[in-house]
Structures are given as structure tokens and as C-alpha cells.
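Below, each chain spelled out in residue letters.
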Amino acid sequence: MANKTVITADSTCDLSPELLKRFDIHTIPLTITLGGESFLDGEQFTPADMYRRYRADGTLPTTSAPGLQQYTDFFTRFTDAGCEVVHLTISSELSASFNSARLAAEPLNGVHVVDSRMLSTGVGLLAIEGAESRDRGEMDAAQIAEHLRELTVKVQTSFVLDTLEFMRKGGRCSGVAAIGANLLRIKPALMMKDGKLQVYKKYRGSIEQVYREYITEHLAGRRVRPGHVFITESGEVPQETLDALEQLVRDTVEVRELHHTIAGCTVSSHCGPKTLGILFIEE
């Protein structure tokens, strides 16, 4: 009988504790460093904590991938129990996670590391697909890993930002560009393409209006796989806004399960509050 397959992912998959438990997905946290202190992403430090700190003293954390030994210890928890592992990392273009995980997996039998080419719940969508493939019992670990690699090109990961302040603070946007965008009320939309996050459109107006325009345009003409669709945000989006956007999604495309999740600090530290995305897999 084939060994049990365990699906694992970096904490940047941004799946809720309920979804991780439901699909039996295990995560390894990235590290958040702030003011000389280190915290585990999603376990000891939240976006709400980060925003409070930023508003108090203007400091933002740095983030770092798990090291080689951390991945080794994580994987051997499962391989020592006789399991095989399919692990999904944040895009190798954005983090050292994939390379460290790949090196840790090399001397271990039955550990398959997949570069998701995505971030946030773009990774989460692939992790859920891996879990559902495992549970159907039709593929072994190596086949699941290959299936997920082929599926990465069909994952749609995008977000619209309310402010460029956090990107400016993190050195990913010039101060002049950030000031100009704020004055003109420009809200950039970013999309993962070829493993990198790229600006693909600039909206103008209130963020509530922009959310609706972005979702409507992004879903138009898409053949969305209905099983799992995510509205992922970085915090501070009002519940009434989220409720209206969820209804907009359901009115636009067929959705069996529409999930709402909060991005962890690794993603939120770069994009700031009120960032929101619609993430899904295309048919």
C-alpha cells in the first residue's frame, strides 16, 4: 500500500485555521522580525499587531524564509512517520523558501517540493487542490506534485491596493510615486505573472468603488473553476463591504465555496491595510 501523503505549505498560503484543519494541510511559518524581536508569522504576530506598531512609531517588520534546518526538521516529522510530503512554497521569485525547501528535501525520500509561482491564497488554492487529490486516492505524492506544477499556470492571483505607503516604506516604490498616487487617488492592481507581482492596471476613486470595478472586470469572461474562490484581504475592510463584494462575486460567476481569509504579516507588511484580492483557478 502506498505511503500516506501529507500536504504542507509555507504560512504564506494564508489559509484560515478552519481550512487548514478541514483539508489536513500543515504549514511552516516564516519569521517576522521587528525591533530586534522575532515572531512566527500567523502564530505570534498578526497584521492588526503590525498596523498598531506602524501607526505608533512608523516601523515595519522584515520577513525571512525558514532555513534549511527548519525545513529539514519540518519534513522529517512526516517522513519519520512513514509519510510522503508534497510541499508548496511561495514563488521562488519572491522568497528563498523554495530553494531552502528543495535543498532540505534532496536527501529525504518521498518529499516533493512545488514552486507555486504564487503568493497568499494563490498558494492556498493549490494546497487545497493537493489535499482533494490526495483524498480521492487517485494519485500518489509524486503525481500530485506534478499535477500541481502543471496547474500553477491556471491560478489567478491579483490584488488591489488602497495605498502605496507600505510599498514605499519597504523600498518597493519611490516616495514621489507614492505621493502622486495618493494625490490622484490611484489604486494600483497587481497580478502574479511568471512568478512575479506586476502592476497591470491603475484604478481611481474611493476604495469601495475600486473593489467593485476590479472584481467585475477581473471576473468578466473568465471560466472560473467553481469549487473554491477566495476573497483575501489584509485587514480593516468593513464587514458590510465584504458582504456586498461576496454577493457581487456570486452574481457574476458560479461559486460553490466562496472563502474569506485575512493575509498574514508576510504579505500584509508589503501591501498595507485594505488590500483586497479575488483569487481562483481557471478551467
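The rules behind the values
Residues numbered from 1 in each chain as written. Predicted model: local features only at pLDDT ≥ 70, side-chain atom pairs only at ≥ 80, totals over all residues. Heavy atoms only, no water. Helix = DSSP H or I, 4+ residues; strand = E, 2+ residues; numbered from the N terminus. Rg over C-alpha atoms; globule rule 2.2 N^0.38 Å. Buried < 20%, exposed > 50% of the residue type's maximum accessible area, 1.4 Å probe, protein only. Contact = heavy atoms within 4.5 Å. 1 Å grid on protein atoms, 1.4 Å probe; cavity = no way out; pocket = protein on both sides within 12 Å on 5 of 7 lines; lining within 4 Å. Points joined across faces, edges and corners; volume = space filled by probe spheres on them. Pairing = 2+ DSSP bridges. Axes fitted to C-alpha atoms, helices over the stretch in contact; angles between N-to-C directions. Right-handed = clockwise from strand over helix to strand, strands pointing away.

Which parts of the structure should I look at to understand the overall build of the protein chain?
A tally of helices and strands in the protein chain yields 11 helices and 14 strands. Its C-alpha atoms give the protein chain a radius of gyration of 19 Å, within 12% of the compact-globule value 19 Å for 283 residues. When its C-alpha atoms are laid out on the principal axes, the protein chain stretches across 60 × 45 × 30 Å. Out of the 283 residues belonging to the protein chain, those deemed buried represent 54%. Pairs at least 24 apart in sequence give 75% of the contacts found in the protein chain among residues at least 6 apart.

Looking at this model, I keep getting lost on the layout of surface pockets. Mind explaining?
To find leftover empty space, a probe the size of one water molecule is rolled over the atoms. Computed from the structure, the second largest pocket encloses a volume of approximately 370 Å³. Lining the second largest pocket are 19 residues, and of these Ser11, Leu15, Pro17, Asp41 and Gly42 sit closest to its centre. Counting only elements with at least two residues in the lining of the second largest pocket, the list comes to α1 (17–22) and β13 (258–262).

Would you mind showing me how to read the sheet that holds strand β5 (residues 62–64) here?
By definition, the strands of a sheet pair up through backbone hydrogen bonds, in either a parallel or an antiparallel sense. The strand order across the open sheet built from three strands is β4-β3-β5, with neighbouring strands paired in antiparallel fashion. Looking along the sheet, the strands with just one partner apiece sit at the ends: β4 (37–40) and β5. Adjacent strand axes in the sheet meet at a mean angle of 30°, parallel and antiparallel pairs treated alike.

Would you mind going over the pairing of strand β6 (residues 84–89) with me for this structure?
In summary, the side chains of a regular strand alternate between the two faces of the sheet. Burial of β6 is extensive: five of the six residues sit out of reach of the surface. By the bridge criterion, five bridges tie strand β1 (residues 5–10) to β6 in an arrangement that is parallel. Note that in β6 the partner of Ala9 across the bridge is Leu88. In the sheet, β6 pairs with strand β7 (residues 111–115) via five bridges, with the strands oriented parallel. Note on β7: the bridge partner recorded for Thr89 is Asp115. Crossover connection from β6 via helix α4 (residues 97–105) to parallel β7: handedness right-handed.

Would you mind going over unusual backbone geometry with me for this structure?
In most cases, non-glycine residues show a negative phi, while peptide bonds are predominantly trans. At Asp24, a position not held by glycine, the phi torsion is positive, near 55°. Positionally, Asp24 belongs in the loop between α1 and β2 (25–28). Exposure remark for Asp24: the relative accessible area of 30% places this residue in the partly exposed category.

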